[in-house]
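Listed below, chain by chain, are the residues.
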Amino acid sequence: MFEQGRHRHWLWIGGFGAAYGLLGLFVENSYYQLIMTVVLIWAVVGLAWNLLSGYSGLISFGHAAFFGLGAYFVVLAQITWRLSPWLGIPLAGVLGGMAGLLVGVPTFRLRGHYFALAMLAYPLALLYVFEWLGYQEVAVPMMREAPGAFMQFADGRVYIFLSLALLLAAMALSRTLERSRYGMSLLAIKQDETAAEAAGIDTLLWKLRAIALSGGLAAAAGGLYAVVQLIVTPLSVFGLLVSAQALVVAMFGGVGTVWGPVIGALTLVPLSAFLDARFAEVLPGIQGVIYGVAIVAVVILAPEGVFWKIRDVLERRRGTNGTAAAAAAPAPARATGVQTDFSVAASDDGAPLLSVRGLAKSFGGLRAVSDVSLDVRRGEILGIIGPNGAGKTTLFNLLNGFVTADAGEITLDGERINGRRPNRICRRGVGRTFQVVKPFSRMSVADNVIVGAYVATADLDEARDIARDAIAVVGLTGAASALAGGISNKQLRLMELARALASKPTLLLLDEIFAGLSRDEVDDVMAIIRRLAKLGITIVIIEHTMQAMVRLVDRFVVLDHGAVLAEGSPEEITRNRIVIEAYLGTKWLADA
Amino acid sequence: MTAAQHVENFLQLLIAGLVTGTIYGLMCVGLSVIFGVMRVINFAQGEFMMLGMYFAYYCFGFIGAHIFFGDLIAPYVSALLAGPAVFLVGIALHRLLIRQVTGVGSTVLESEGHYAQLILTLGLSLILSNGGLVAFGSAPISISTPLSSTPWIVGPLYGEDVLLFINQGQTIAALIAIAVVVVFALLMRRSRLGRALRAAADNPEAAIYVGIDVDRAYRIAFGFGVGITAIGGGLLASSHPFQPYIGIDYVIVMYAGVVLGGLGSLSGAFFGGLTIGLVQQLSALFLPNQLQNTAIFVCFLLIILFKPDGLFGRAARRA
């Protein structure tokens, strides 16, 4: 769908730039010139914020830190080293990117509330430091001998064009990233970070890239702001209003799109400037009040932002033909057939694919897994069963890296994988599904699976092909364009299976994949699992009941109280006295 | 400085830290009620404190002029009255705005719901602080009473060298803060309302099934939370000059305290606030005055990064 929209988007961006530039050409009044410039700078800051928070969902209340560092760097570098802003602004961008990394490394350990709160503290701490350093009010020195070389122009229109150039660059960057692996990965992180990590996305790396880009862009905007405003004070660049402004223009216009921050800045900045000019004498705080009201109104009335609201209204007016086209679109996928090779080469060395020795993990006083040793043979379907609380899911979490073992060893294909991050283990060929499904709810089934396919390829088109084929293998082609938030339990289970399959795994860990399925549905899913096993993929399934499993697995491992209770073929296990005792209690033994 | 001067300096700051910290503790309890019950992060908490300060200021002007002994008890009466006044403001704002993005019935994804709350309260914070500028002007003011400039003098101790000045006004304010915390803790523990609030906090869905009006419980918790913080603001107003933008400095102080005590724990919040007060005052021993707030922010960052569940927190709970 976005194939055809791609070029139109570039036309829109170019058209906007041309129109704004043309308008700027005819503005003589220097005050209006300044407002036109500042609008663009805030749009860039909004885009910078959007690059991190809009796509990843990690709300930053601290973008003033980057903005302020950029502004102060440009001014102080010009004072100290006579460094021209032509160089200073790009350098400020680099500095902002480094600041982003510096902030990101510790702060990304936090999620949700804690992340937002921590981000708030950075600019406020910097604000007081800059005051203490004596930079209460720093002015850009006038360079009369070579004004142009120091970005000093008598004609205010030049600043409009400079800011416009920065904005267009920021828009082009955002637009390119949005449709790339960057946008997709961050979107997946936004919706379920755990699932994203298990699907092979290096969540920390992507978040660090995002904050570095975002911080760099915000710092560059701050540098330009300093050049335009001529005077920098701690409050004007590190103050809460700056962070709020970044967030407000983006939220108001619409998060997760290039146009959101631009629309937000074009609406709110002139409005507040007008109110400020009109009422500043009588009502000094009115600008802040307007921003506050705008935020509250957006959150209550159009939480998705103006851009998305307008788009929804337009699409509804366009009516049914739009949806009909969308429904018809995914048809070709079915015609092509599966081309991707998901099969795993058979190996005849006889060594187990996965070998676990003496694995143990406690949570507080609870020994969830104590001294588990087991082997998973190549190409087999292994069932791990045990009553609730036997440590099955913890075992999976240990195997795919969500949890680090207290003791013991996990060897995959002869390589020790203890303590590796989940995305690394996924790249080594271990895919998994979850007991409670973890879809990326706001993405289509196809996009969910594409995220999984990024492990297998770096190329977006190839990832799309792999995803299409993985979806075909599990028989979900008909639902590929549906939103993951709206499909049935069985379809969700299959989608997770496809997402794991798209990474071309050698080993699949399936956590209670039959939970909540009807008898017929269980048979369908079982058939698909057998199909995957035929491709040579080794499969480990967790279940707490044996019934369905006896028909599927080659071998059972029984866990109880965090330890291996028994091991063997389905026939052996169903006749095993200890297993019956663990499951049903001693009094049933007499009847067995 | 001589050794005695060092000791005097340290003890003086320690006392100041304890006194201010107690009031911070009260403010943190207010914030913690809101988080504990509603799981809402309220960025506008500092602005409600600011409202409490201005309420106390104007109320003091009125009582002080009209009642016998007015200027002695009026600061405290005004501060206490700021509680119910801001409670009503909180109830109204919850009904009008906050309810729409929180609560049991909201259909948004959990994470998106949090963002809506954060952003809504950030908007409220901007409206209240800048609206305050419009309404009250930007000049810093404070409530000055005879007590706020009269110290008790302790000493001379340590030979003849150490003299301690303990501000009477602030000390009484701190004692009142402790009284309010104790009364509120009893209310939460013993009363029917307190049990309903705790039930709604623990498991909103189950609370609905046993007949608790969770929406009302949230509203009352929000009112209590902002009201308690407003009392703290009112008590602080007689010793600290303030202006409409003061909220943002204190919202960090409060969050630092609440996070330090473990998000959601009332007693933790009180001791967290007390600790922050001590850190702020004692940092003056080795940091210039302007960096006192930076010390708090750095302390806050360190806590949040290394012990997100708080020093006094309960078992680990993932955010």
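Residues numbered from 1 in each chain as written. Chains lettered and ligands numbered in written order. Predicted model: local features only at pLDDT ≥ 70, side-chain atom pairs only at ≥ 80, totals over all residues.

## Looking at the overall build of chain B
Stated formally: Labels follow the DSSP assignment, with helices taken as runs of H or I lasting at least four residues and strands as runs of E lasting at least two, numbered in each case from the N terminus. Residue burial here comes from a neighbour count, namely the number of other C-beta atoms, placed from the backbone, that lie within 10 Å of the residue's own C-beta, with 20 or more meaning buried, 12 or fewer meaning exposed, and in between meaning partly exposed. Residues are treated as contacting if the C-beta atoms built from their backbones sit within 7 Å of each other.
Scanning chain B from terminus to terminus reveals 11 helices and two strands. Along its sequence from the N terminus, chain B presents helices and strands in the succession α-α-α-α-β-β-α-α-α-α-α-α-α. With 319 residues in all, chain B has 52% of them scored as buried. Taking contacts inside chain B between residues at least 6 apart in sequence as the whole, the part at least 24 apart equals 77%.

## So, the pairing of strand β6 (residues 407-412) of chain A
Residues and elements named next belong to chain A. Put simply, the rule reads: A pair of strands is considered paired only if DSSP assigns at least 2 bridges between the two.
By the bridge criterion, five bridges tie strand β3 (residues 354-363) to β6 in an arrangement that is antiparallel. Pairing of V356 across the sheet is with I410, part of β6. Here β6 runs beside strand β7 (residues 415-416); their pairing, made up of two bridges, is antiparallel. Residue pairing across strands places T411 opposite R416, the latter belonging to β7. Counted along the chain from β6 to the antiparallel partner β7, the turn is two residues long, and its residue D413 has a positive phi close to 55 degrees.

## Side note on unusual backbone geometry
Residues and elements named next belong to chain A. Although it is not a glycine, M151 sits at a positive phi angle of roughly 60 degrees. Turning to its location among the elements, M151 is positioned in the loop between β1 (138-139) and α6 (157-178). M151 gets classed as buried once you count the C-beta atoms within 10 Å, which come to 22.

## Some points on the pairing of strand β10 (residues 538-543) of chain A
Residues and elements named next belong to chain A. Here is the rule we go by: If the strands point away from the viewer and the path from the first strand over the helix to the second runs clockwise, then the crossover is right-handed.
Counting buried positions over the six residues of β10 gives six, a clear majority of the element. Residue alternation in β10 divides its side chains into two sets, T538, V540 and I542 and I539, I541 and E543, and both sets are buried. Pairing of strand β5 (residues 381-385) with β10, which is carried by five bridges, proceeds in the parallel orientation. Among the inter-strand pairings, L382 is bridged to a residue of β10, identified as V540. Bridge count for strand β9 (residues 507-511) against β10 is five bridges, and the pairing is parallel. Residue L509 lies in a different strand from β10, and its bridge partner there is V540. Read as a crossover between parallel neighbours, the route from β9 over helix α22 (residues 519-534) to β10 is right-handed.

## Overview of the packing of α6 of chain A against helix α9 (residues 203-229) of chain A
Residues and elements named next belong to chain A. Stated formally: A fitted line through C-alpha atoms serves as each axis, taken over the contacting stretch for helices, and the angle formed by two N-to-C directions is quoted from 0 to 180°. An angle below 35 degrees is read as roughly parallel, one above 145 as roughly antiparallel, one from 65 to 115 as roughly perpendicular, and any other as oblique. Note on residue classes: Ala, Val, Leu, Ile, Met, Phe, Trp, Tyr, Cys and Pro are nonpolar, Asp, Glu, Lys and Arg are charged, and everything else, Gly too, is polar.
Their axes nearest at 11 Å, the elements α6 and α9 cross at an angle of 175 degrees. As summarised for this structure, α6 and α9 are arranged roughly antiparallel, according to the angle between their axes. Touching Y159, L162, S163, L166 and A170 of α6 are L217, A220, A221, L224 and V228, all from α9. Class assignment for the residues of the contact of α6 with α9 results in nine nonpolar, one polar and no charged.

## Observations concerning the nonpolar core
The test is simple: For this entry, the nonpolar core is defined as buried Ala, Val, Leu, Ile, Met, Phe, Trp, Tyr and Cys residues connected by C-beta atoms within 7 Å. The source of the domain bounds is an automatic or database domain assignment.
Counting residues in hydrophobic clusters, the biggest one holds 296 residues, and the most contacted among them are V44, A221, I295, V449 and A498 of chain A together with A221 and F300 of chain B. Counting the residues that make up this core, at least three belong to each of domain 1 (11-247) and domain 2 (354-591) of chain A. The residues contacting V44 of chain A, other than those within four sequence positions of it, are L166, L167, A170, L217 and A221 of chain A.

## Concerning the sheet that holds β6 of chain A
Residues and elements named next belong to chain A. Spatial strand order, β4-β3-β6-β7: four strands in an open sheet with antiparallel pairing. Edge positions in the open sheet fall to β4 (366-376) and β7, since each of these has one partner strand only. The strands that helix α17 (residues 392-399) touches are β3, β4 and β6; relative to β4, the one it contacts most, it runs at about 65 degrees.

## Overview of the domain arrangement of chain A
Residue and element names in this part refer to chain A. Domain parsing of chain A yields domain 1 (11-247) and domain 2 (354-591). Taking the mean C-alpha position of each, domain 1 and domain 2 sit 44 Å from one another. Contacts between domain 1 and domain 2 engage 18 residues on the former and 21 residues on the latter. Looking at the side of domain 1 that touches domain 2, the elements with two or more residues in it are α7 (181-191) and α8 (193-198). Residue contributions to the side of domain 1 that touches domain 2 peak at six residues, all from α7.

## A short note on helix α11 (residues 240-253) of chain A
Quick note on the threshold: By this rule the span expected of a helix is its residue count minus one, scaled by 1.5 Å.
Here α11 of chain A is 14 residues long and its end C-alpha atoms lie 20 Å apart, about the 20 Å a rise of 1.5 Å per residue gives. At the C-terminal side of α11 of chain A, G254 of chain A shows a positive phi close to 135 degrees.

## What to know about the interface of chain A and chain B
When the parts of a complex come together, some accessible area is lost, and that lost area is often used as the size of the interface. Opposite the 38 residues of chain A that make contact, chain B presents 39 residues. Elements with a minimum of two residues in the side of chain A that touches chain B: α5 (112-132), α11 and α13 (286-301) of chain A. Looking at the side of chain A that touches chain B element by element, the count peaks at 13 residues for α5 of chain A. Broken down by class, the residue content of the side of chain A that touches chain B amounts to 28 nonpolar, seven polar and three charged.

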